[in-house]
Each structure stands twice: as C-alpha cells, then as structure tokens.
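Notes for the structure review
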Amino acid sequence: LARTVREMRETRAVPVVPTYERKPSTLVKKGLNSLLSFPRGMECIDPLGLGIIDNKTLRLITDSSESSPSKADRDHVDDILREKLAYFSDKFDAKLFLSRIHQETRAADLEAGALALKSDLKGRTQQRKNLVKENFDCFVSCKTTIDDIESKLKRIEEDPEGAGTAHLYNCIQSVTGLASRSFEQLFERQAQAEKIRSVQGMLQRFRTLFNLPSTIRSSISKGEHDFAVREYRKAKSIVLPSHVGILKQVLEEVEKVMQEFRGTLYKSMEDPHIQLTDLENTVRLLLELEPESDPVWHYLNLQNKRIQGLLEKCSYEHEARMESLHKEIREWTLSDARWKQIQQGSGESLDYNGNGHLGVDSSPGTATSEEFDALREKYIRRLTTVLVHHIPAFWKVALSVFSGKFAKSSQVAADSNGNASVSKIEEKYCSHSLDEVSGMMRSTISIYEVKVLNIFQEFYESNILRSYMSDAIKEIARLCRALEVKESAPPLAVTALRAIYVEVAKTYILRLCSWSRTSTNELAEDETWVPVSVIERNRSPYRISYLPLAFRSILVSAVDQISTILQTLKTEVAKHDDMFIHFQEIQESVKLAFLNCFLNFSGHLERIGSELAQNWSGIESPRIPNGDSYVSLDRSLDLPSGSINDPHQQLLMVLSNIGYCKDELAYELYNKYEHIWSQSRDKNEEESDKIDLIMSFGALEEKMLEQYTFAEAHLMRTGAMKYLLDAGVQWGAAPTVKGVRDAAVELLHTLVAVHAEVFAGAKPLLDKILSILVEGLIDTLLSLFNDNKSKDLRTLDPNGFCQLMLELEYFETVLNPYFTNDARESLKSLQGVLLEKAAESATESVENPSHHRRPTRGGEDAAEDRQGINVSPDDLIALAQQYSSELLEAELERTRINTACFAESIPLDSLPVPAKSAYASLRGSLNSPSKSYRTVEAVNSFTIPRQRRR
C-alpha cells in the first residue's frame, strides 16, 4: 500500500476509471469528434456531453452551430459570469448555465445528457466504494502511522531542552549575529568587489558601444558612410538594461552625431551639380537612417523650390537692370537740362544740326525704348533657359523614382539584410504619387506663365517690327520643343506651355494688327502731296503720293511677321489637335484686321478728299498761268518742294491713290496673304471678301470722282459763260459764219487741261471723267441757253444758229470718244432748242422788221439779211449742214494741235457721221407735234447727272 501511494504521489496520475458502455446521442458524438479541430485551452467539454464550450464566448459549439460567433457573442464576458457558469465552482448556477450554454439545445438532447450525467455520477460513486473496500487495510495503517508521528512531534516541541524547532531557530540566530559582527567589513568589501566586477563585465560587454561615437565620427570624416550607418544600426539593435544611465548617454551622443550626419546628407542634396549616383547613395543612406520625412520627396520639393528660386532670381536681376537703366535716363535728362540751361544763359543759339539740346534730343526716345525692350527680351530668354536646363533632369529623376529604377542597384549592394530592407526602402518611394510631382511642376510653369505674359505686355509697340518680341516667342517655342522630348516633362506641363505659346503668339499678332492701324492713322496726318516716281510706283498709270506705298510698307511689314508666326503655329497644330480651334480664331482675327486696315485707309483717303472739297466748296478758284490755283497759296508754303499745291490736283491725287488701292494694291496684297486664312474658309467666301474690299474702294472712288468733277465743273461753267455770253457776239445780229470761233477753242482748252491732268495723274479714270465732263458741258450750255433765252439770247438769227451748230458739231467730232448716250440726248435737246429759237427769231423778224435793223451794215448786207430772215426750219438745217460740210474739216485741221490729245480715238481724215444723223433727227423732232425739246427745264447751276451712274 505504501509503495502504491508513493508511486501515485510521484507520478501524480489519476487512476483510470472504467467507462460504461452507453449510447450517446449523435450530437454528443459530433461534439466530441470535433474537439481536435480547436486549439488547446480554448474550450472544454460540456458536462452533459452535448458538445464543446468555447472558453472565450462561453457558448456551446456543435457541428450544427455557426462557424464564427456573432458580434454579440464576441462581447467581453466578465469574471462573475464566468464563475457562475463554471460547473466545478462553488458559485455554479445551473439555471444560468442552461439558459446561456444550452439556450438552443433541444429538450430531448437535454434529457439524454441528464441521464448520461446521472449514470456517470453513479459509476464514480461505485468506483470510490470499491477503492476503499479493496484498500481498507492500507487506509487503517496510514491513519495509525500519521497519528504516531503527530504525537512524537508534540512531545519534542513541548520539551524546552529538546531539539525543537524553536530552540534550533534561536541558536541559529545567535550564531548568525556573531558571524555578522565578525565578518562585517569583509562583507562590505565583498559587495564592493562584486560591484566592480559587474561594472567591469558591463564595460567589457558594451566596449563597442562606448567607442561608437568616435568610431562613427572617424568613419564619416573618412567618407566611409556605409560603415558608419552599419555601426549605428548595430547599436540601435542592442537591448540595453534600463537601470544603466551611462549607456543611454552614449546612445544620445551617437544620435547627436548621426543627426549631424543626416543634416550633412540633406545639405548635400541642395548641391545643384550633384551627380545622379551620389544622389542615389545619399537617399539610400538617409532611408537606412530612418528619417522622419521621405528624403526622395524632400529632394523633389527642394529641386522644385530651387527652380522657382531661379525664376525669382531672374526677376530680381531684371528689375535691378531696369532700375539701373531708369537711373541712367534720369541722370542723362538732368545733365541735358543743365546743359540747355547753360546754353540759354550764355546766349548761344540752339539748332538741330549743332551741339545744342535739340540736336541730341532727337533720338533718345527710340533708343531708350529699344534698350528697355532688349532687357525684356533677355529676361524672357533667361526664364526660358532656367526651365530648359532644369525641368528635364527633374522629371527624369521623378520618373526613375516612381518606376522603381532609382537607387535600385545601390540598395541591393549596400543592404546586407536582403530583400526585407530593400522592400522597406521601396515603400518609402511610394509614399507619394507621380501626379503630385506633375502638379508641382505645373505650379512652376504657372509662375513662368505669369512672368512671361506680364513682361510681354510691357513691350513697346513702336519696336514691334524689331526682333525683340519675335525672339521672345522663339524662346518660348524652343522651350516647348525641349519639353516635348520623351521623358522631359509631364504632359500637363507641356500642355500648359503650348497654351502659353499660343497666347503669346496671339498677343503678338493682335499687337501687330493694332500697330498697323495706329501707324495708318498717323500716316494719314502726314500727307505731303509729293508724287512718287514711275519706278517707285512700279510703272503704275496712277500718279500717287507716298501714302499708298507707305501704307503698303506698313501692312507688308506687319503681315509678314504674322505669316512667320502662323507658319510656326501651323506646324504645332499639325502635331496637336487641341490647338486647332485657337489657330482658326487667330486666322480669322488676322483676316479681319487685314481688311479693316484697308477700310481704315480708305476712310482716311475719304476724309482727305472731303476736307479738300470743303476748302473750295462754293468758291471759284481760277487757275494762274502755271496751272496752280490762287486758293491756299499760303498753305503751300508749309509743303516740301515738289509737292502739289493746286486743290484740284490734290483731289485728283486722292482719286489716284484710291484707284491704285482698288486696282493694284488690294489685289496684290490680298492674293499675297490669302494663304494665311484660306485653309479654314470656303473659296466662294474668300472671293466674296475680295469683291467686298474692291467694291468699298469702288464706292469711294465714285464719291471722290463726283467731288473732282464737281470741282472741274465750276471752271467749265466759267468757260461756257465766256463762250456763249461774253464772247462779244450779238446772236440776234451775228456775223457770217467763217469757222470755229476762238472762244470755242478756249472752251475746249478747259477739257484739254483736264485731259492732260487726268492723263498724267489717273489715266485709267480718263474716259470716265471726260465722259462726265462732256455730258456736264452740254448740260451747262443747255442750262445757260435756257437761263438767258429771254435776255442775251432772246433772238437768234440764222448766222448765229449756223455758228452754234457748227461749233456743237465741232465739239461732237473732237469729243466723240467721250460722248455718252445721255450726252448725245442732251446735245439733241440743245440743237432742238437752238433751232426752235432761230425759227422763232425768223418769224419775229418777218412780223417786226424794224426791230432787226443793223446800223452798220450796207445795202448789200441788208439784202442778204432779208433773204436770211425769210427761211424755214428745214432751210436753217440745210444751211447749217452746208456750213458744216464746207468749214468743219478745215477747222479740224486748223485746230489739230489744240485737240491732239483727243485724236487717239478719232481719224482726222474723215468727218463723223453723227452730225448728219443729228440734223435728220432735228427735222423729225420739229415735224412731230410733241416737240420734246421744249420740255427742257432750266437750272440755276450746273449739276452732274450722277443718279443715273449710281
């Protein structure tokens, strides 16, 4: 029995209780069979044998229960509830156990579990009974032995001199006190020695750590950065005891050294000339030192701020240069003012060619503006150079970082821990996105955009044809080409730069258009009326002034520059479709500006012509013998030599300028620059624009032609009055017809002068002007006859009738190329009126012969007069035809030199047929009852019938 109890104590084994065979339910089997699938300590068997109880949630787990507990089951279970549910506890609550653990268990299973529990309890009770029955002698012997030992121990403790535990304790205490007094100093020294040995052991153990600050400093000074970082990481990995303060101080010193090293590494990243390999090594070292911020992102921000700083530096330097130039100008102005004061004080005269103030002040405005524009163009070039030099390198570094190529080889070579450290460094690289870098660069481009657009608006328009603005645009185009190269800049930045380029080009083009309009307006104020040579006007038949050529020079200079810019833009549009709409807008604005320049110039020509017409409107200005006019002689003193002083010739020059623009300049320039806007327009629309432009000049030509012919009509009316009324002929007692009178030739000389003037100044308009004037001449004669038929022309004898008919036929023959249908109708009316008046005078002379005496005539002449009075209209026509056939050819030959200018269109060896047809028509009109020639109304002044031409 003793041996069995001893073995049981040593092995602490529980005796195996034989189990009874019973039929557990299917649920019990399932619960017990699934026990092996749960971790140890996480469950216990249900005492009813129905499953497994989860130790965390205190819920029954069976095969039919949920695989994962619900949220309510996962809630915290307090200790009080756990103690009440533990069936081996004294505070076990059976009702709570059943309501929580078996709340979903069926009644039949509970009954089966209860029956099984009762059977197990009965079996365990029977086992205990059998154990006591089989080992009763052992239990009795053990009880006797334990009682005997207890009695002996009581006797020993009760004896004062015995070997009890109290006596033994007191003896040991006395011995211990004596030993402590004897070996007190020895114990103290032993403790000190133990401390020294422990410190020595610690120093020996951490000797590397104590030498670490000096070792790291030495490695950093030698450039062995990898070794310094490796030693630092070893020190960081050492687990230090918390009670040793000196080790913490050493580590703080190491941290201070490494913090300085981090600052040095960050400082090295600010070097603008750092190599990519050095940058990769620096970033790798910083990442191994585990900095607070991402060193790669720090470098990218640093580079972006550096580029922006360079842009600002360019701005500061530009402002300094501009201020220096302003200061020089102010000093120059003050010096010049003092010199002028000295000159005035000394009494020296100032002239434009000497050393006076006016002589040196003639050019500084233009020179100064060019200096300012040169500084502005240089400023844009420097801004562009900054971006061209730094943006591609910056973007390549960013691409290598976010593509995983940055510092990859350096990481693998330097990291001895393998893939874990490399992946850690790569995670640092991915803390930001490439889009953030693109946005960063876009902000830099925005700064560049603001600076360029602002400075571009400051260029002087007077220097627009110089190369300053165009060179600035070329610099921006160079930047676009440089950043469009693969992996040179993000697409967002390239798009922004293209927008800047288009905006600047559009601004330049609009300023060119504005300059052309302004220059045209200024040009119109400087008309000198000096005709250009034939070579200068390229053998044009129009005798123009310098205005059209100066206008052509202005327009060609502006549009040539525009064409160059648009050609470059067209190349860019072919590559990028997003610029096409802006390109079309620019083309349309150029076309409108081109056409508006012509319209503005035509408006200035119209204004000049109207001013000339107003100056002599209503005032007759007879010409002096050299062909000039008495009007505006004082004004001609202000004009340069060789200029035209006569207002009529000046108006003709305006008309020539308009005709030159209409027939030559508009066609030439429109066809030359049509390609600028023709790509995006319909051909019919283009032709319509050209036709509208020509028609606008045509309408202006008609208006100025009316002004010119109206001015010449005053001179013609004066000549017509001399011819008809002031020639010393009494038409009621006219002498015998002997030929064309000198007065008729003088009247014709008026048209000869106009012919010479127009032929020399505006030859294409010769036929039109002379046709109008010839028609006006006939209308003037008719008007004068009607106005004076009751006064100076109240009688017309046959000789007077034949004289006038001969001269009218002479006019018709000489001026035949310029006779229009209206002129011929007016001529017929005039001839009819003359015939009617001659017939009336003949009738009156028969009825009242005393009223027609001629005191200076002899009897023979009187007989001839009486024969002349008794004539009919047919006889008058026949008599006029006779005189015409006898005298006209001779008179034409006699005045051949006078009318040579009109001889280009008529043969001199033949007489014209229209005269005979005119006489035939006169007979018909006299015989007709209507007598349409009587319907001619008199007018007070000559008015050219322009309504029919309009």
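Model, not experiment: these values are computed from the prediction.

1. Comments concerning the overall build of the chain
- What the chain contains, in helices and strands, is 33 helices and three strands.
- Here the chain holds 950 residues, and 41% of them are scored as buried.
- Residue pairs at least 24 apart in sequence account for 76% of intrachain contacts in the chain once pairs closer than 6 positions are excluded.
- Here the chain displays about 53700 Å² of accessible surface, and carbon together with sulfur accounts for 53% of that area.

2. Quick look at the environment of glutamine 707
- Within the element layout of this structure, glutamine 707 appears in helix H26 (residues 683-724).
- Given the relative accessible area of 23%, glutamine 707 is considered partly exposed.
- In this structure the C-alpha to C-alpha distance between glutamine 707 and leucine 612, which are 95 residues apart in sequence, comes to 9.2 Å.

3. Section: helix H28 (residues 766-788)
- With 23 residues, H28 extends 32 Å between its outermost C-alpha atoms, agreeing within 8% with the 33 Å of an ideal straight helix rising 1.5 Å per residue.
- By the criterion of burial, H28 is predominantly enclosed, with 20 of the 23 residues buried.

4. Details of the pattern of salt bridges
- Inspection of the entire model under this criterion finds 28 salt bridges.
- In this structure, lysine 703 engages glutamate 606 in a salt bridge whose closest nitrogen and oxygen atoms are separated by 2.5 Å. Note that lysine 703 is positioned in helix H26 and glutamate 606 in helix H23 (residues 580-615), a separation of 97 residues in sequence.
- Residues joined in a network through salt bridges with shared partners are Lys662, Asp663, Glu701, Glu702 and Lys768.

5. Quick word on the side chain of serine 470
- Tracing the chain through its elements places serine 470 in helix H20 (residues 467-483).
- Residue class for serine 470 comes out buried when judged on its relative accessible area of 9%.
- Separated by 3.2 Å, the side chain of serine 470 and the backbone oxygen of serine 467 make a polar contact.
- Contacts of serine 470, omitting those with residues within four sequence positions, involve Tyr508 and Gln561.

6. Examining the packing of helix H22 (residues 546-575) against helix H25 (residues 647-677)
- Axis separation between H22 and H25 bottoms out at 11 Å; the angle between their running directions is 10°. Between H22 and H25, the angle falls in the class roughly parallel. In this structure, H22 uses Pro548, Leu549, Phe551, Arg552, Leu555, Val556, Val559, Asp560, Ser563 and Leu566 to contact H25, whose residues at the interface are Asn657, Tyr660, Cys661, Leu665, Glu668, Leu669, Lys672, Tyr673, His675 and Ile676.
- Residue composition of the contact of H22 with H25, by class: 13 nonpolar, three polar and four charged.

7. What to know about the nonpolar core
- In this structure, Tyr448, Leu569, Phe594, Phe598, Leu751, Phe801 and Phe902 are the most contacted members of the largest nonpolar core, which totals 188 residues.
- Discounting residues that sit within four places of it in the chain, phenylalanine 902 has contacts with Leu748, Leu751, Val752, His755, Leu770, Val814, Leu815 and Tyr818.
- Counting residues in hydrophobic clusters, the runner-up holds seven residues, among them Ile53, Val77, Leu85 and Phe97.

8. Some remarks on the confidence of the model for the chain
- Confidence along the chain averages 75 in pLDDT terms, with 75% of residues attaining 70 or more.
- Note on residues 12-42: pLDDT is under 50 here. Beyond four places in sequence and across chains, it has 27 contacts.
- Scored below 50 in pLDDT, residues 905-950 makes 79 contacts in the model with residues more than four places away or belonging to other chains.

9. Considering the packing of aromatic side chains
- If you walk through the whole model with that rule in mind, you get 15 aromatic pairs.
- Ring plane angle 65° and centroid distance 5.7 Å describe the contact between tyrosine 670 and tryptophan 677, whose orientation is recorded as edge-to-face. You'll find tyrosine 670 and tryptophan 677 in the same group, each marked buried.
- Taken together, the aromatic side chains of Phe551, Phe594, Phe598, Phe601, Tyr670, Tyr673, Trp677 and Phe697 make up a single cluster linked through ring pairs.

10. Concerning unusual backbone geometry
- The backbone phi angle of tryptophan 529 is positive, close to 60°, even though this residue is not glycine.
- Structurally, tryptophan 529 is set in the loop between helix H21 (491-524) and H22.
- For tryptophan 529, a relative accessible area of 5% gives the class buried.

11. Let's talk about a negative patch on the surface
- Among the surface-exposed residues, Asp78, Asp79, Glu83 and Asp90 lie close enough to one another that they form a single negatively charged patch.
- Among the secondary structure elements, aspartate 90 is positioned in the loop between helix H3 (79-85) and helix H4 (94-101).

12. Considerations on the packing of helix H27 (residues 742-761) against H28
- Contact pair H27 / H28: the axes reach a minimum separation of 10 Å and the direction vectors enclose 160°. For the element pair H27 / H28, the angle class is roughly antiparallel. As for the relative orientation of H27 and H28, their crossing is right-handed in sense. Here Leu747, Leu751, Val754, His755, Val758 and Phe759 of H27 lie close against H28, whose contacting residues are Leu766, Ile769, Leu770, Leu773, Val774 and Leu777.
- Broken down by class, the residue content of the contact of H27 with H28 amounts to eleven nonpolar, one polar and no charged.

Conventions adopted
- Residues numbered from 1 in each chain as written.
- Predicted model: local features only at pLDDT ≥ 70, side-chain atom pairs only at ≥ 80, totals over all residues.
- Heavy atoms only, no water.
- Helix = DSSP H or I, 4+ residues; strand = E, 2+ residues; numbered from the N terminus.
- Buried < 20%, exposed > 50% of the residue type's maximum accessible area, 1.4 Å probe, protein only.
- Contact = heavy atoms within 4.5 Å.
- Areas by Shrake-Rupley, 256 points an atom, 1.4 Å probe, with all protein chains shown as cover.
- Expected span 1.5 Å × (residues − 1).
- Salt bridge = Lys/Arg side-chain N within 4 Å of Asp/Glu carboxyl O.
- Polar contact = N/O pair within 3.5 Å; in protein donor to acceptor, adjacent residues only side chain to side chain.
- Axes fitted to C-alpha atoms, helices over the stretch in contact; angles between N-to-C directions.
- Parallel < 35°, antiparallel > 145°, perpendicular 65-115°, else oblique.
- Nonpolar A, V, L, I, M, F, W, Y, C, P; charged D, E, K, R; others polar.
- Core = buried A, V, L, I, M, F, W, Y, C linked by side-chain atoms within 4.5 Å.
- pLDDT = per-residue confidence, 0-100.
- Phe/Tyr/Trp six-rings, centres within 6.5 Å; stacked < 30°, edge-to-face > 60°.
- Patch = residues over 30% accessible without salt bridge, like charges linked within 9 Å, V, L, I, M, F, W, Y side chains within 5 Å.
- Lys, Arg positive; Asp, Glu negative; His and termini not counted.
- Charge placed at Lys NZ, Arg CZ, Asp CG, Glu CD.
- Left-handed = near helix turned anticlockwise from the far one by under 90°.

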